[in-house]
Amino acid sequence: MSSEARAPARSYLFAPGGSEKLLERVFAAGSDAVVLDLEDAVPEGEKDLARRLVAERVAGRAGLRGPEVHVRVNAPDSPRVQEDIAAAVHPGLGAIRLPKAEEPALVQAVSRWIAQAEERRGLAAGSVRLDLTIETARGVARARELAACDPRVGRLVFGQADFLADVGAEAGPEGLETLYARSEVVIAARAAGLLAPLAGAHARLRDPEGLRRTAQAARRLGFGGMSAIHPEQVPVIHEVFTPTAAEAERAQELLRAYEEAIAAGFGAARLPDGRFVDRPIAERARRTVLLFAREQEERA
Amino acid sequence: MSSEARAPARSYLFAPGGSEKLLERVFAAGSDAVVLDLEDAVPEGEKDLARRLVAERVAGRAGLRGPEVHVRVNAPDSPRVQEDIAAAVHPGLGAIRLPKAEEPALVQAVSRWIAQAEERRGLAAGSVRLDLTIETARGVARARELAACDPRVGRLVFGQADFLADVGAEAGPEGLETLYARSEVVIAARAAGLLAPLAGAHARLRDPEGLRRTAQAARRLGFGGMSAIHPEQVPVIHEVFTPTAAEAERAQELLRAYEEAIAAGFGAARLPDGRFVDRPIAERARRTVLLFAREQEERA
Amino acid sequence: MSSEARAPARSYLFAPGGSEKLLERVFAAGSDAVVLDLEDAVPEGEKDLARRLVAERVAGRAGLRGPEVHVRVNAPDSPRVQEDIAAAVHPGLGAIRLPKAEEPALVQAVSRWIAQAEERRGLAAGSVRLDLTIETARGVARARELAACDPRVGRLVFGQADFLADVGAEAGPEGLETLYARSEVVIAARAAGLLAPLAGAHARLRDPEGLRRTAQAARRLGFGGMSAIHPEQVPVIHEVFTPTAAEAERAQELLRAYEEAIAAGFGAARLPDGRFVDRPIAERARRTVLLFAREQEERA
């Protein structure tokens, strides 16, 4: 999986699958990943056209540098999802994004359809990742099963706006209304050994401060990135989900203290400033240092 | 179920089953539902008297306009619950309220006893709803199973005071101590397709501001109504759980935008003011518009 | 179990198993329990030495007054845990503390090893309690199973620092990032009928105000005590987790009102100041009164 070779994507910028112009522009907006959308952003009458455009676009990216390429297909219980997958899977595709994940059995069916498409295209089995959007009460209630139901599942995404609507809730100023659901998604992802999950898009445009607060709260909770619905959101997302040089330095201090402790035969250490470090804390520090280094390198 | 024919009740006003006077007055206090109590409010020695009074009262309401009639029976593991059900089920009864729901098997047993009583009274099978109060750690831990264990289950209620006592907790100023439990109840109810759940009563009397804040937090989280222990609480509960004209208007705008998007073949729309609407959001808006319209009509 | 005979411990002070000096001093610091550590605080090369020191120390405490004696062993999947248990179990041992609890099957294996050690030492079966630290996403995800998987399990502990590191989270000012996990641990413990769980240590030293806030939040949520990594933390922990005379008095009022209500045949009561009391609330009040009385007595 590409997630092994490079830092996990922090930003996922959406483009409507039916718009030739936006399908081109989206690649130049600087996001770590793009999501070419065959679902909500495509009118009923244009689904076939969009599938053709998306298929061309994905195939055309094979071997190129640039953002990871993902395709959002229609919901797993829709009659379209199989055709969407057949159109999307090409060399160059990083992942299928599946909305409204609720039933592990349907996720497994989607994974088999991806496997068939991989085979037809001569791709290695398992080369296309499957990312699941949890955006309903049923999805949250089964998040742990969904995260663990198929080895292809790589990342969970929390779809906040649809979740709120599904349970009849509204977000208050501090987001307490989704704290349970967001925490559950983080724990389900981690318990299954997946990448840190993604937060859903900040729905309000031209609101960098609101976006920054939302992204910071998501990062503190254990999310690793965020969807974007406009290029203007990408820099703010990167700012929040990239460790700063100071954070990397502090993580490096923890790592150093931990490695000295291990060399001395201990399993944990306390730094002069009072910070404590054991194996899990050292591993998080190592991820921070790595993420910082990779970002430096990729931006170079 | 009556919940199909009219808007789901927002307020549930309790009356002690042993008090002839209060059993009469409670119907005139303006609540959407009344709960005639055979449990805590009835002393041991008066359980038989209370059953007779409640039975008469329920039977006497058949066919009348006015609040839905519910009866709270004793806990499912009490030897009294079967007799309570036998006394409560009459034409005119909307629902049995079961306290301390913890074990799906006991809930199913209660549902069978209700079915037997329905048959004896010549009521259609399933006409009496079963509402479950979740008010212990075990109840929260099994909330999803409880919500889905029997088709008669219609609404969950979160009993905050007893839950806090059961786990040895106390509510702080923001209610964070019950956020997990309240969120779980909302998700369990929605995942099982039940009505929006009810918040437990605000225990402090003559505290309209505290009641309003509690009710607003509950509504934001996805609750659809609240218990009341005094008639003075009913207007505040209605104020909070009824959409305002402005909210109904905003919901109407979302619906209009969504319907135009669908007509144009899209699955979602963004309004000029930046709001986004897809199917789940449109469905919530439709519930808001409907609720507003019904309340207008019922108040007319 | 000792928890029946005396008030459940509020403070658990750690001492490194390899330090003869600290293993002696820790008993005099005034904590309700001490935890002699064979895990993180002991370097690899000193594990055998530490086992000998801890074994002597535990055996030497048999029959003495003073804090409960607990031993933290290495993680359940480590090759050392069996030897750790064999060394730790002696008359005088209150409990084995197991870190990184994730798999019920491993917890059951640990419990069997304790049973074998009890038999070898001529201890009554089940006399050594098993306390589980939940400190990973997998541990939180299986907390309910872990709490209920073996009758020897007596108390859960939430390891906040490692949990945050495991899910890649950081604690914000209000601790919202662990609210789900902490709530789950409280509910899992209570649903399984265990003692109120323990909060992990406050990692920052010389920070009595931060410690007090953390401990107060833990207590409000339903925790019954806290780990300590320095003797200076013990008095603050005791202050927070001991009912005050005023709290005991208020609890006594509730109990009195409840008992009068029961005597009059009622199941619940409302006090003149508006407070409501039913059985679960009375039981919590009874625990408060008992805890206050026992503390008074033990301090006498």
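That block above? That's the structure.
Note that the structure is predicted; figures quoted are calculated from it, not measured.

Q: With reference to specific residues and values, describe the interface of chain C and chain B.
A: Contacts between the two partners involve 29 residues from chain C, matched on the other side by 28 residues from chain B. For the chain C face of the interface with chain B, the top three residues by lost area are Ile187, Arg220 and Arg284 of chain C, together amounting to 23%. Linking chain C to chain B there are three salt bridges. Between arginine 190 of chain C and aspartate 166 of chain B there is a salt bridge, with the nearest N and O atoms lying 3.1 Å from each other. Here chain C is connected to chain B by eleven residue pairs in polar contact (both at pLDDT 80 or more). Only α9 (179-191), α10 (208-221) and α13 (279-299) of chain C provide two or more residues apiece to the side of chain C that touches chain B. The dominant element in the side of chain C that touches chain B, judged by the number of residues it contributes, is α9 of chain C, at eight residues. The residue inventory of the side of chain C that touches chain B, partitioned by class, reads 13 nonpolar, five polar and eleven charged.

Q: Describe the sheet that holds strand β8 (residues 225-228) of chain A, with residues and values.
A: All names here are of chain A. On the basis of which strands lie adjacent, the closed barrel formed by eight strands has the order β1-β2-β3-β4-β5-β6-β7-β8 and parallel pairing. In terms of strand pairing, strand β1 (residues 11-16) meets β8 through three bridges, oriented parallel. Across the sheet, tyrosine 12 pairs through a bridge with serine 227, a residue of β8.

Q: Go over the interface of chain A and chain C with me, naming the residues and quoting the values.
A: With 29 residues of chain A at the interface, the matching set in chain C holds 28 residues. Buried surface at the junction of chain A and chain C, summed over both partners, amounts to about 2500 Å²; 55% is from carbon and sulfur atoms. When the area that chain A buries against chain C is broken down by residue, the three leading residues are Ile187, Arg220 and Arg284 of chain A, summing to 23%. At the junction of chain A and chain C, the tally comes to eleven residue pairs in polar contact (both at pLDDT 80 or more). Of all elements in the fold, only α9 (179-191), α10 (208-221) and α13 (279-299) of chain A reach the threshold of two or more residues within the side of chain A that touches chain C. A per-element tally of the side of chain A that touches chain C places α9 of chain A first, with eight residues. For the side of chain A that touches chain C, the per-class residue count stands at 13 nonpolar, five polar and eleven charged.

Q: For the packing of helix α3 (residues 47-61) of chain B against helix α4 (residues 81-88) of chain B, give the residues involved together with the corresponding values.
A: Residue and element names in this part refer to chain B. Relative to each other, α3 and α4 sit at 30°, their axes nearing to 8 Å. By the angle between their directions, the pair α3 and α4 is classed as roughly parallel. Facing Asp48, Arg51, Ala55 and Val58 of α3, the residues of α4 in contact are Glu83, Asp84, Ala87 and Ala88. When its residues are assigned to classes, the contact of α3 with α4 shows four nonpolar, no polar and four charged.

Q: If you had to explain the relation of the copies chain C and chain B to someone new, which residues and values would you point to?
A: Look at the two chain copies: a rotation about an axis and a shift along it is all it takes to match them. If you rotate chain C by 120° and push it 0.0 Å along the axis, it lands on chain B with an RMSD of 0.0 Å. Accordingly, the operation relating the two chain copies is best matched by a three-fold axis. Judged by C-alpha distance, tyrosine 180 of chain C is the residue of chain C that lies nearest the rotation axis, at 3.5 Å. Comparing interface residues between copies, only 14% of those in chain C also sit at the interface in chain B, which points to a heterologous contact through distinct surfaces.

Q: An account of the environment of glycine 60 of chain B is needed here, citing residue identities and associated values.
A: All names here are of chain B. Its location among the elements puts glycine 60 in helix α3. Overall, glycine 60 belongs to the partly exposed group, its relative accessible area being 48%. Considering only alpha carbons, one finds glycine 60 and glutamate 83, 23 residues apart in sequence, at a separation of 19 Å.

Quick notes on the rules
- Residues numbered from 1 in each chain as written.
- Chains lettered and ligands numbered in written order.
- Predicted model: local features only at pLDDT ≥ 70, side-chain atom pairs only at ≥ 80, totals over all residues.
- Heavy atoms only, no water.
- Contact = heavy atoms within 4.5 Å.
- Buried area = accessible area lost by both parts, 1.4 Å probe.
- Salt bridge = Lys/Arg side-chain N within 4 Å of Asp/Glu carboxyl O.
- Polar contact = N/O pair within 3.5 Å; in protein donor to acceptor, adjacent residues only side chain to side chain.
- Helix = DSSP H or I, 4+ residues; strand = E, 2+ residues; numbered from the N terminus.
- Nonpolar A, V, L, I, M, F, W, Y, C, P; charged D, E, K, R; others polar.
- Pairing = 2+ DSSP bridges.
- Axes fitted to C-alpha atoms, helices over the stretch in contact; angles between N-to-C directions.
- Parallel < 35°, antiparallel > 145°, perpendicular 65-115°, else oblique.
- Least-squares fit on C-alpha atoms with pLDDT ≥ 70 in both.
- Buried < 20%, exposed > 50% of the residue type's maximum accessible area, 1.4 Å probe, protein only.

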